[in-house]
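Survey of secondary and tertiary structure
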Amino acid sequence: MIEIMSESEGNILVVKATEKLTAKDYEEVFIPKINQLLQEYQKVRVVVFLAENFSGWDIGAAWDDARFGIQHRNDFEKMAVVGGSKWVKWSTKISSHFMDGQVATYDTSDLQSAVAWAKDIH
């Protein structure tokens with residue numbers, strides 16, 4: 001499940017992912033919100049918080065994630081992934097080579113640091 005968190009503001013979207021993400025999560029929550037922000041701001045900053053009970057993506061969600069990421073690779077100013085296993089952090093770093101914006105990973109306990117980074121609060 002994807003939940004939009006209260007830290008979201010302006011062109012910054014902060015989401016919490018729990019359990020297994022599905023294509024429905026992407027198609028009904030994440031993608032429409034990103035598209036709305038892109039229409040309004042042209043560029044977005046995203047923080048994805050992978051909660052302790054996050055268990056991955058189903059095949060439809062994985063496909064939506066990859067396809068959307070490729071289509072919009074130039075539309076992200078910053079993207080932070082908070083939490084997740086070592087392979088998630090590794091794949092995030094690999095994907096950063098295919099995006100124009102900055103990409104960072106944070107440990108589960110560092111959500112507020114990730115949000116501050118996305119908001120340029122030092």
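Calculation criteria
- Residues numbered from 1 in each chain as written.
- Predicted model: local features only at pLDDT ≥ 70, side-chain atom pairs only at ≥ 80, totals over all residues.
- Heavy atoms only, no water.
- Helix = DSSP H or I, 4+ residues; strand = E, 2+ residues; numbered from the N terminus.
- Buried < 20%, exposed > 50% of the residue type's maximum accessible area, 1.4 Å probe, protein only.
- Contact = heavy atoms within 4.5 Å.
- Pairing = 2+ DSSP bridges.
- Axes fitted to C-alpha atoms, helices over the stretch in contact; angles between N-to-C directions.
- Salt bridge = Lys/Arg side-chain N within 4 Å of Asp/Glu carboxyl O.

**As for unusual backbone geometry**
For Glu-19, which is not glycine, the phi dihedral falls at a positive 50 degrees. One can find Glu-19 in the loop between strand S2 (12-17) and strand S3 (20-21). At Gln-42, a position not held by glycine, the phi torsion is positive, near 70 degrees. Within the secondary structure, Gln-42 is located in the loop between helix H1 (23-41) and strand S4 (44-50). In this structure Gln-42 comes out as exposed when scored by relative accessible area, which is 52%.

**A word on the environment of Gly-10**
Within the secondary structure, Gly-10 sits in the loop between strand S1 (2-4) and S2. C-alpha of Gly-10 to C-alpha of Arg-45: the two residues are 35 residues apart in sequence and 9.4 Å apart in space. Not counting the four nearest positions on each side in its chain, Gly-10 is found in contact with Leu-37 and Tyr-41.

**Things to note about the sheet that holds S4**
The strand order across the open sheet built from five strands is S1-S2-S4-S6-S7, with neighbouring strands paired in mixed fashion. With one partner strand each, in any of the chains shown, S1 and strand S7 (102-106) form the two edges of the open sheet. Going from strand to strand, the sheet's axes swing by 20 degrees on average, the running direction of each strand aside. Pairing of strand S6 (residues 76-82) with S7 involves five bridges; the strand directions are parallel. In the sheet register, Met-79 faces S7, and the bridge partner there is Val-103. Against the sheet, H1 touches S1, S2, S4 and S6, its axis set at about 35 degrees to S1.

**Some points on the pattern of salt bridges**
With the rule as written, the count across this model stands at five salt bridges. With a shortest N-O distance of 3.6 Å, Lys-119 and Glu-9 are connected by a salt bridge. Pair noted here: Lys-119 is in the segment after helix H4 (111-118) and Glu-9 is in the loop between S1 and S2, with a separation of 110 residues, a long-range link. Accessibility expressed as a relative area gives 21% for Lys-119, which makes it partly exposed. For Arg-67, the salt bridge goes to Asp-64, with nearest N and O atoms at 2.7 Å.

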